Structures are given as C-alpha cells and as structure tokens.
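# Structure at a glance
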Amino acid sequence: EALAEGARASAGAQAAEVEILRKEIAELEVLLQGAQDLERRCQEAESSVEAAEQRTEALVGERDREIEAVRAEAQLLEASCREAQASAAMCAQQLATERASAKAELEARAALKDAEIQKLLQEVAQLKQEAKVASHQLLMEKDEQFQALQQEVQDAKAEARAQEQRLVGGFDAEKQ
C-alpha cells in the first residue's frame, strides 16, 4: 500500500508537470499569434507604400496638365500679339515679357512639382525599404519562433512520454 501510495503521489506530480507543459504550449501559441499580427502590420505597410505611389502618379499627372495649360496660355498670347501687328515693336516687347513671365512661372511650377515628386519618391523608397526590412525581420522572427515552438512541443511530448513510461514501469514493478 505504501508503494501504491508513493506511485500515486509520483503520478500526481508528473500530471502536474504535464499540465505545466500544456500551459507553456498555450503560451507559445499566443507568441505565434503575435507573429501573425506582425505579418498583418507588414502587409498594411505595403498597402501604404502602394497608396503613396498612386499619389505620386496623380501629382505627376497634375503637373503635366498644368504645364499644358501654361503652354496653351502662351500660345493664346502669341496669337493675340500676331493680330496686333500694327504696333509690332510694342507687341514684340510685350510678347517677350509675357513669354518670359509665363516661362518663369512654368519653370517655377515645374520646379515646385518636381521637388514634391522627388520628396514623394524618396518617401516611397523609404517606405519600401522599411517594409522590406520589416518583412525580412518578421520572416526571421517567425521562423525562429516556429523553430523554438516546434522544439518545445517536441520536448514536451518527449517529457510526457518519458513520464508515462516511468509511470507504467513503476506500476509494472509494483505488480511484480
């Protein structure tokens, strides 16, 4: 009876150890869920990069339309000056002045848009790089976590089997 009582106490302690191992496995599953959340955030960062690229394309289109509008205005000014040939010298001076002004305005607008586009392109490149680094880091962390999780699950299973075999061996020895 003392041996049976000792075996029962040992079995109870081993069952408690198995329960602790189960809790550790549950904690590892929570870590795995965290890794999946990180992956989702990386995908959201990639979506942000795509949105920034679309905004850049829209700014490029807007700049091109403004350039065309300024060119159209310059062409209208040239046409009105040709119609006023009676005062050719005055018209030529006015045309040159307005043309220079339109050109300066066009260059100023183009420079401003180019600066905005360059800034956006730099932001897009930075976001792409950050997304790439985050994605790589996530894959590395996920792989490490998965490896650790697999190892811990295997260790827990091996420990549970060993305890079960000790229990069975103890009961067999007790029977003998």
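Each chain carries its own residue numbering, running from 1 in the direction its sequence is written. Only residues with pLDDT of 70 or above have their local features reported here, since the model is predicted, and side-chain atom pairs are shown and tallied only from 80 upward, although totals for entire chains, interfaces and linings are computed over all residues. Just so you know, side-chain values use all the structure's heavy atoms and leave hydrogens and water out.

## Focus: the overall build of the protein
Counting from the N terminus, the helices are DSSP H or I runs at least four residues long and the strands are E runs at least two residues long. What the protein contains, in helices and strands, is 2 helices and 0 strands. Taking 16 Å as the expected radius of gyration for a compact globule of 176 residues, we find that the protein reaches 38 Å, considerably beyond that expectation. Once the C-alpha set of the protein is aligned to its principal axes, its extents read approximately 130 × 15 × 15 Å. Counting the 176 residues in the protein, one finds 18% classified as buried. Residues are treated as being in contact if the distance between any of their heavy atoms lies within 4.5 Å. Expressed as a percentage of contacts within the protein between residues at least 6 apart in sequence, the contacts between residues at least 24 apart total 87%. Summing over all exposed atoms, the protein offers an accessible surface of approximately 12,800 Å²; the carbon and sulfur share of this is 55%. Based on C-alpha atoms, the radius of gyration is set beside the globule rule, defined as 2.2 Å times the residue count to the power 0.38. Partly exposed residues are those whose accessible area sits between 20% and 50% of the maximum for their type, while under 20% is buried and over 50% is exposed, using a 1.4 Å probe and protein chains only. All accessible areas in this document rest on Shrake-Rupley with a 1.4 Å probe, and a residue is counted as covered only by the protein chains that are shown.

## Here's the deal with the side chain of Arg63
Mapped onto the secondary structure, Arg63 falls in helix H1 (residues 2-83). Of the residues examined, Arg63 reaches a relative accessible area of 19% and is grouped as buried. Counting of polar contacts relies on pairs of N or O atoms within 3.5 Å, with two restrictions inside protein: one atom must be capable of donating a hydrogen and the other of accepting it, and residues adjacent in sequence are counted only when both atoms are side-chain atoms. Of note is the side chain of Arg63, whose polar atom sits 2.3 Å from the side chain of Asp114. When neighbours within four sequence positions are excluded, Arg63 is seen to be in contact with Ala110, Lys113, Asp114 and Ile117.

## A word on a negative patch on the surface
Surface patches are defined over residues having more than 30% relative accessible area and no salt bridge, joining like charges when they lie within 9 Å and nonpolar side chains (Val, Leu, Ile, Met, Phe, Trp, Tyr) when within 5 Å. By salt bridge we mean one thing: a side-chain nitrogen of Lys or Arg within 4 Å of a carboxyl oxygen of Asp or Glu. We count Lys and Arg on the positive side and Asp and Glu on the negative side, and we leave His and both chain ends out. A charged residue contributes its charge at one atom only: NZ of Lys, CZ of Arg, CG of Asp or CD of Glu. Together, Glu24, Glu27, Glu152 and Asp155 make up a negatively charged patch on the protein surface. Summarising the element assignment, Glu24 is placed in helix H1. What makes Glu24 partly exposed here is its relative accessible area of 37%.

## Brief notes about the pattern of salt bridges
A full pass over the atoms with the stated rule returns 12 salt bridges. In this structure, the salt-bridge partner of Glu39 is Lys142, at a minimum N-O distance of 2.7 Å. Taken together, the positions of Glu39 in helix H1 and Lys142 in helix H2 (residues 88-175) put the pair 103 residues apart, joining distant regions of the chain. A relative accessible area of 30% places Glu39 in the partly exposed class. Between Arg166 and Glu159 there is a salt bridge, with its nearest N and O atoms 3.7 Å apart. Looking at Arg166, the relative accessible area reads 45%, which means it is partly exposed. Among the ionic contacts, a cluster of salt bridges with common partners joins Glu62, Lys113 and Glu116.

## Points about the environment of Ala7
Structurally, Ala7 is set in helix H1. Of the residues examined, Ala7 reaches a relative accessible area of 16% and is grouped as buried.

## Points about the environment of Arg71
With respect to the secondary-structure elements, Arg71 resides in helix H1. Separated by 35 residues in the primary sequence, Arg71 and Leu106 have C-alpha atoms spaced 8.4 Å apart. Within the local environment of Arg71, its side chain forms a polar contact with the side chain of Glu68, the two groups lying 3.0 Å apart.

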